[in-house]
Amino acid sequence: MTFISRFLAAALLTLASLASHAQAPQPPEVAAKAYLLMDVTAGQILAAKDADEPVEPASLTKLMTAYLVFDALKAKKLTLTQTLPVSERAWKMPGSRMFIDPKMQVPVEDLIKGMIVQSGNDATVALAEGVGGSVERFVQLMNDQAKALGLKNTGYKNPEGLTEAGHTTTARDLATLATRLMHDFPEYVHYYTIKKYRYPGTPASNDSNRNLLLFRDPTVDGLKTGHTKAAGYCLVATAKRDFPNLQGRRLVSVVLGASSEAARANESQKLLNWGYTAYEAVKLFDAGKPVATPKVWKGKTNELKLGRNEHIVVAVPSGTAAQVKTEIARPEPLIAPFRQGQAVATLKVKQGEQPLAEVPLMALEPVEEAGFLGRAWDAMRLWIK
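Residues numbered from 1 in each chain as written. Predicted model: local features only at pLDDT ≥ 70, side-chain atom pairs only at ≥ 80, totals over all residues. Heavy atoms only, no water.

Novice: Which residues make up the packing of helix α2 (residues 62–74) against helix α5 (residues 121–132), and what values go with them?
Specialist: Direction vectors running N to C along α2 and α5 enclose 40°, while the axes themselves pass 10 Å from each other. Considering the angle they form, α2 stands oblique to α5. Taken as a pair, α2 and α5 cross one another with a handedness that is left-handed. Seen from α2, the contacting residues are Lys62, Thr65, Leu68, Val69 and Ala72; seen from α5, they are Asn121, Thr124, Leu127 and Val131. Along the lines of polarity and charge, the residues of the contact of α2 with α5 split into five nonpolar, three polar and one charged. (Axes fitted to C-alpha atoms, helices over the stretch in contact; angles between N-to-C directions. Helix = DSSP H or I, 4+ residues; strand = E, 2+ residues; numbered from the N terminus. Parallel < 35°, antiparallel > 145°, perpendicular 65-115°, else oblique. Left-handed = near helix turned anticlockwise from the far one by under 90°. Contact = heavy atoms within 4.5 Å. Nonpolar A, V, L, I, M, F, W, Y, C, P; charged D, E, K, R; others polar.)

Novice: Before we move on, could you go through the nonpolar core and cite the residues and values that matter?
Specialist: Generally speaking, nonpolar side chains in soluble globular proteins are found buried as a group. Among the nonpolar cores identified, the biggest contains 68 residues, and Met64, Phe70, Leu111, Ile112, Tyr192 and Leu256 are the most heavily contacted of them. Residue assignment for this core shows that the elements contributing at least two residues are β1 (34–39), α2, α4 (108–116), α5, α6 (135–148), α7 (171–184), β6 (232–243) and β7 (246–258). Counting residues per element, this core draws most heavily on α2, at nine residues. Not counting chain neighbours up to four residues away, the residues in contact with leucine 111 comprise Leu84, Met98, Ile100, Val106, Ala123, Ala126 and Leu127. If you look at the next biggest cluster of nonpolar residues, it comprises 29 residues, including Val220, Leu251, Val255 and Ala281. (Core = buried A, V, L, I, M, F, W, Y, C linked by side-chain atoms within 4.5 Å. Buried < 20%, exposed > 50% of the residue type's maximum accessible area, 1.4 Å probe, protein only.)

Novice: Let's hear about the pattern of salt bridges: which residues, and what values?
Specialist: The tally for this structure, following the rule as stated, stands at 18 salt bridges. Residue arginine 264 pairs with glutamate 261 through a salt bridge whose shortest N-O separation is 3.9 Å. With a gap of three residues between them, arginine 264 and glutamate 261 both fall in helix α9 (residues 261–278), about one helical turn apart. (Salt bridge = Lys/Arg side-chain N within 4 Å of Asp/Glu carboxyl O.)

Novice: Could you give an account of the sheet that holds β7, with specific residues and numbers?
Specialist: Ordered in space as β2-β1-β7-β6-β5, the five strands form an open sheet in which the pairing is antiparallel. The open sheet has two free edges, formed respectively by β2 (44–49) and β5 (220–228), since each of these has just one partner strand. The sheet shows a mean angle of 10° between the axes of neighbouring strands, direction not considered. Bridge count for β1 against β7 is six bridges, and the pairing is antiparallel. Among the inter-strand pairings, alanine 34 is bridged to a residue of β7, identified as leucine 256. Contacting β1, β2, β5, β6 and β7, α7 crosses the sheet at an angle of about 145° to β7. (Pairing = 2+ DSSP bridges.)

Novice: Give a detailed account of α6, specifying residues and quantitative values.
Specialist: Taking 1.5 Å of rise per residue, 14 residues should cover 20 Å, and α6 covers 20 Å from first to last C-alpha, within 8% of that figure. Along α6, the residues classified as buried are Val135, Phe138, Val139, Met142, Gln145 and Ala146. Seen along its axis, α6 keeps its buried residues to an arc of 120°; they face one direction. In the core, the buried residues of α6 are packed alongside α2, α3 (88–91) and α5. A positive phi of about 80° marks glycine 150, the residue just after α6. (Expected span 1.5 Å × (residues − 1). Arc of directions from axis to C-beta.)

Novice: Provide a residue-level description of the sheet that holds strand β9 (residues 306–307), including the pertinent values.
Specialist: Pairing in this open sheet of four strands is antiparallel, and the strands run β9-β13-β12-β11 from one edge to the other. Two strands lie at the open edges of the sheet, namely β9 and β11 (324–329), each paired on one side alone. Across six bridges, β11 lies against strand β12 (residues 343–351) in antiparallel orientation. Counted as the bridge partner of threonine 326 is valine 349 from β12.

Dropping the structure here:
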């Protein structure tokens with residue numbers, strides 16, 4: 001797991017949800033069975049309804065399929081230019097299609113575009129077979145990855161999202177998956193911004209991304225739509241907007257069970273706009289800069305730089321930034337050695353007297369253990385102290 005992945009997992013577990021805060025702004029009415037809005041930059045849930053209720057994910061399932069495909073690309077088990085065969089099983093898939101057939105050998109990159117832009121079930125099965133060897137093996141990999149990502153209420157039965165008993169997830173798990181997908185594979189998520197694509201020889205009418213927000217809001221850059229009769233109309237949308245105090249603030253909205261294609265787009269837009277206006281992001285400390293430099297004993301250096309490799313940001317109701325307070329909780333004394341990236345302390349963030357967040361602080365640089373004389377001298381000084 002990458003450093004940023006560990007950070008994200010920790011943030012999702014430790015950052016308090018502002019949705020339950022007494023002063024939290026009331027979210028808008030959202031016409032959907034369930035929804036969730038997350039400030040990804042701050043790692044906080046801003047609003048949610050029935051976020052842990054099991055739902056059918058429809059083609060939102062393809063977020064996990066993409067996660068495994070991107071992981072295979074990163075591990076060089078696949079290449080973008082490599083071609084994959086189209087099996088009879090892939091060719092005969094019902095529902096949304098890329099319109100490929102067994103006479104074709106299709107490059108992996110085109111299959112990815114077909115899965116993301118056209119939501120092609122045929123492209124999805126071809127990729128699943130290419131990564132897992134079989135659909136059944138790939139589904140096992142999907143469920144293993146769900147556990148690894150901490151998706152506690154998700155179970156997969158297929159890679160494409162067609163209705164099947166036991167194939168369910170939740171709004172919270174989808175937000176976690178979407179966030180991890182973007183953080184773990186930034187080199188591949190640009191495929192979610194593609195508005196139009198079709199493979200040569202396939203119908204020209206089948207070229208548009210079903211995520212209507214890509215055509216309406218220039219700050220929206222993903223992610224995925226889904227629809228079945230049982231699931232209703234679903235959308236995981238994400239936007240990144242710049243503010244004077246913080247560039248690239250990202251939100252993710254999950255809207256499940258809307259009544260139409262237009263409704264899922266409208267309700268998602270409503271949530272995103274509300275999140276950006278009702279809450280402001282407060283950058284507490286810059287990435288890579290020390291939050292504190294406490295004294296270290298028995299080390300080759302006598303200070304330990306504590307901070308994070310990412311900006312430390314919290315989201316608070318607009319107009320309340322002045323109420324934010326911080327304090328650091330750490331063990332005393334600090335005894336070397338410390339490795340770079342080691343969690344050493346906790347930054348506790350409050351809004352007034354209300355706990356808001358707890359962020360682990362890491363050693364920004366290693367501190368090696370001193371030699372025998374240095375350790376002995378510090379041991380004596382600690383004893384006297």
